[in-house]
Amino acid sequence: MIEKNAKIYVAGHRGLVGSAIVRSLEKDGYTNIVKRTHSELDLTDQRVVFDFFAEERPEYVVLAAAHVGGINANQTCPADFIYINSIIQCNVIKAAHDYKVKKLLFLGSSCIYPKMAHQPISESELLTGPLETTNEGYAVAKIAGLEMCKFFKRQYGDDFISCMPTNLYGPNDNFNLETSHVLPALIRKFDDAKKNGAPSVELWGTGSPLREFLYVDDMADACVYLLQNYSGEEHVNIGTGKEISIKELAEIVKETVGFEGEIVWNSAMPDGTPRKLLDVSKLHNIGWKEKVGLRDGIRLAYEWYLAQDEKDLKK
Ligand code: GFB
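Notes on the structure in this doc start here. (Residues numbered from 1 in each chain as written. Predicted model: local features only at pLDDT ≥ 70, side-chain atom pairs only at ≥ 80, totals over all residues. Heavy atoms only, no water.)

As for the overall build of the chain
Working step 1: Of the regular secondary structure elements, the chain holds 10 helices and 12 strands.
Working step 2: Taking the principal axes of the C-alpha coordinates as reference, the chain spans close to 60 × 45 × 35 Å.
Working step 3: Across the 315 residues that make up the chain, the buried fraction comes to 54%.
Working step 4: In the chain, the share of contacts with a sequence separation of at least 24, taken over all contacts with a separation of at least 6, comes to 81%.
Working step 5: Summed over its atoms, the accessible surface of the chain is roughly 13,500 Å², and 51% of this surface lies on carbon and sulfur atoms.
Working step 6: Side chains of the chain give 36 positive and 44 negative charges; the mean places of these two sets differ by 3 Å. (Helix = DSSP H or I, 4+ residues; strand = E, 2+ residues; numbered from the N terminus. Buried < 20%, exposed > 50% of the residue type's maximum accessible area, 1.4 Å probe, protein only. Contact = heavy atoms within 4.5 Å. Areas by Shrake-Rupley, 256 points an atom, 1.4 Å probe, with all protein chains shown as cover. Lys, Arg positive; Asp, Glu negative; His and termini not counted. Charge placed at Lys NZ, Arg CZ, Asp CG, Glu CD.)

A word on the site of the ligand
Working step 1: Every one of the 22 residues lining the ligand counts as a neighbour, but Ser109, Cys111, Lys189, Pro270 and Asp271 are closest to it.
Working step 2: Lysine 189 places a polar side-chain atom, nitrogen or oxygen, 2.8 Å from an oxygen atom of the ligand.
Working step 3: One nitrogen or oxygen atom from the main chain of aspartate 271 is found 2.5 Å from an oxygen atom belonging to the ligand.
Working step 4: When isolated, the ligand has an accessible area of 700 Å², and the protein chains bury 97% of it.
Working step 5: Contributing elements (two or more residues each) for the shell around the ligand: helix H3 (71-76), helix H6 (182-196) and strand S7 (200-204).
Working step 6: With three residues, H6 is the single largest residue contributor to the shell around the ligand.
Working step 7: Across the shell around the ligand, the residue classes tally to 10 nonpolar, eight polar and four charged. (Near = heavy atom within 4 Å. Polar contact = N/O pair within 3.5 Å; in protein donor to acceptor, adjacent residues only side chain to side chain. Nonpolar A, V, L, I, M, F, W, Y, C, P; charged D, E, K, R; others polar.)

Remarks on the sheet that holds strand S4 (residues 103-107)
Working step 1: Taken together, the six strands give an open sheet; going across it, the order is S2-S1-S3-S4-S5-S10, and neighbouring strands pair in parallel fashion. The open sheet has two edge strands, strand S2 (33-34) and strand S10 (236-238), and neither has a second partner.
Working step 2: Bridging between strand S5 (residues 160-165) and S10 involves three bridges; their strand directions are parallel. Across the sheet, residue methionine 164 finds its bridge partner in S10, namely asparagine 237. (Pairing = 2+ DSSP bridges.)

Examining the packing of helix H4 (residues 78-98) against helix H5 (residues 136-156)
Working step 1: Across the interface, H4 lies against H5 with an axial gap of 7 Å and an inter-helix angle of 15°. Relative to H5, H4 is oriented roughly parallel. The two elements H4 and H5 cross, and the hand of that crossing is right-handed. Residue-level contacts link Pro78, Phe81, Ile82, Asn85, Ser86, Gln89, Cys90, Ile93, Lys94 and His97 of H4 to Gly137, Tyr138, Val140, Ala141, Lys142, Ala144, Gly145, Met148, Cys149, Phe152 and Tyr156 of H5. (Axes fitted to C-alpha atoms, helices over the stretch in contact; angles between N-to-C directions. Parallel < 35°, antiparallel > 145°, perpendicular 65-115°, else oblique. Left-handed = near helix turned anticlockwise from the far one by under 90°.)

Looking at the packing of H6 against helix H10 (residues 294-307)
Working step 1: Here H6 crosses H10 at 60°, and the two axes come no closer than 11 Å. Put simply, H6 runs oblique to H10. Relative to H10, the crossing made by H6 is right-handed. The segment H6 lies against H10, with Leu183, Ile187, Arg188, Asp191, Asp192, Lys194 and Lys195 engaging Leu294, Ile298, Ala301, Tyr302, Tyr305 and Leu306.
Working step 2: For the contact of H6 with H10, the residue count by class is eight nonpolar, no polar and five charged.

Topic: the pattern of salt bridges
Working step 1: According to the stated counting rule, one finds 24 salt bridges in the structure shown.
Working step 2: Among the salt bridges present, the one from lysine 115 reaches glutamate 132, with a minimum N-O distance of 2.7 Å. Of this pair, lysine 115 sits in the loop between S4 and H5 while glutamate 132 is found in the loop between S4 and H5, placing the two residues 17 residues apart along the sequence.
Working step 3: Here lysine 115 falls in the partly exposed class, since its relative accessible area comes to 28%.
Working step 4: What emerges from the salt-bridge pattern is a single network uniting Lys7, Arg36 and Glu56. (Salt bridge = Lys/Arg side-chain N within 4 Å of Asp/Glu carboxyl O.)

Here we look at empty space enclosed by the protein
Any empty space left between the atoms is revealed when a probe the size of a water molecule rolls over them.
Working step 1: One pass over the structure, following the stated rule, counts one cavity of 30 Å³ or more.
Working step 2: A volume near 50 Å³ is recorded for the largest cavity.
Working step 3: Along its surface, the largest cavity is lined by Ser110, Cys111, Tyr113, Pro114, Lys115, Gln119, Ile121, Glu132, Thr273, Arg275 and Lys276.
Working step 4: Split by residue class, the lining of the largest cavity holds four nonpolar, three polar and four charged. (1 Å grid on protein atoms, 1.4 Å probe; cavity = no way out; pocket = protein on both sides within 12 Å on 5 of 7 lines; lining within 4 Å. Points joined across faces, edges and corners; volume = space filled by probe spheres on them.)

Section: unusual backbone geometry
Working step 1: Of the consecutive residues glutamine 119 and proline 120, the connecting peptide bond is found in the cis state with omega at -10°.
Working step 2: The residue proline 120 is located in the loop between S4 and H5 in this model.
Working step 3: A positive phi angle, close to 50°, is found at lysine 100, a residue other than glycine.
Working step 4: Looking at where lysine 100 falls in the secondary structure, it is placed in the loop between H4 and S4.
Working step 5: Accessibility expressed as a relative area gives 69% for lysine 100, which makes it exposed.
Working step 6: Even without a glycine there, the phi angle at asparagine 172 is positive, about 70°.
Working step 7: Summarising the element assignment, asparagine 172 is placed in the loop between strand S6 (167-169) and H6.

Written as structure tokens, this is what we have:
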């Protein structure tokens, strides 16, 4: 068991996942959560990271800090995605080893499985085929991070575990239309169109790809659950095991926002991988299942979006 006053460092505590994990830990009664903003602690600077670990000596680490983005950001800036994510995870994982962190949780992403992996995708599909080209830089970095945790466990006995989340959404999401994922983009596009009285909204691709979506507070609860109950060498998929087409998703968000205009599909933009449905049987066998359904999650996410000051939204 993790003592409630254990020192837990959440790297990336202001991001979509990191902020949810802090909420989940606080809800669970953990009282000693260490946070550092990017300006306080540059995770790409090895010396600064090692000095931080030497001084703070965290007992547990959740590595939720990463350079992330949607399909457009990944496709246009692959060098940033491979470099920044590689250097962050090398610094944090090695420092966690050197300063004897009791347990570290590393976060992957379902887009790092092979493009044409058998669906639903089981954990064993990793590295069995070519990657989706639109996010290859990110995928190679994240695969290296999962493998690094596995090999530090195998060579040194470090309790470093990894999880593989599906597409996530919810509070503190990124609503910048050039770099965001699809769900926050739909919320913003339909909300802007409704407020401006626009006749239509332009969405990317054909709308035919299938995606799986997990509300971020469920993701955070699963992460805390794995920290408390899992120490296996293989990563664990975190998702719902349910998928929906982007077209159907757009209709749900359109209805939730109350936009009554048309949807125009811009097929000059990429669809990305056709499907990436996770096999979540391992997670269910460990004893965890999501609580928030997609329609409820979209409503919660939209309510959060409406409650924010324009200046505070990552737009
Ligand atoms: O969420 P998304 O950007 O990333 O796109 P992926 C999902 C699907 O939504 C794609 C379509 O087929 C997009 O073409 N889409 C339609 C849109 N309209 C929009 C829009 O306005 N904005 C966006 N962003 N998409 C990501 C990976 O893949 O999955 C990341 O690139 C990460 O690395 C993330 O792993 C979880 O789901 O295709």
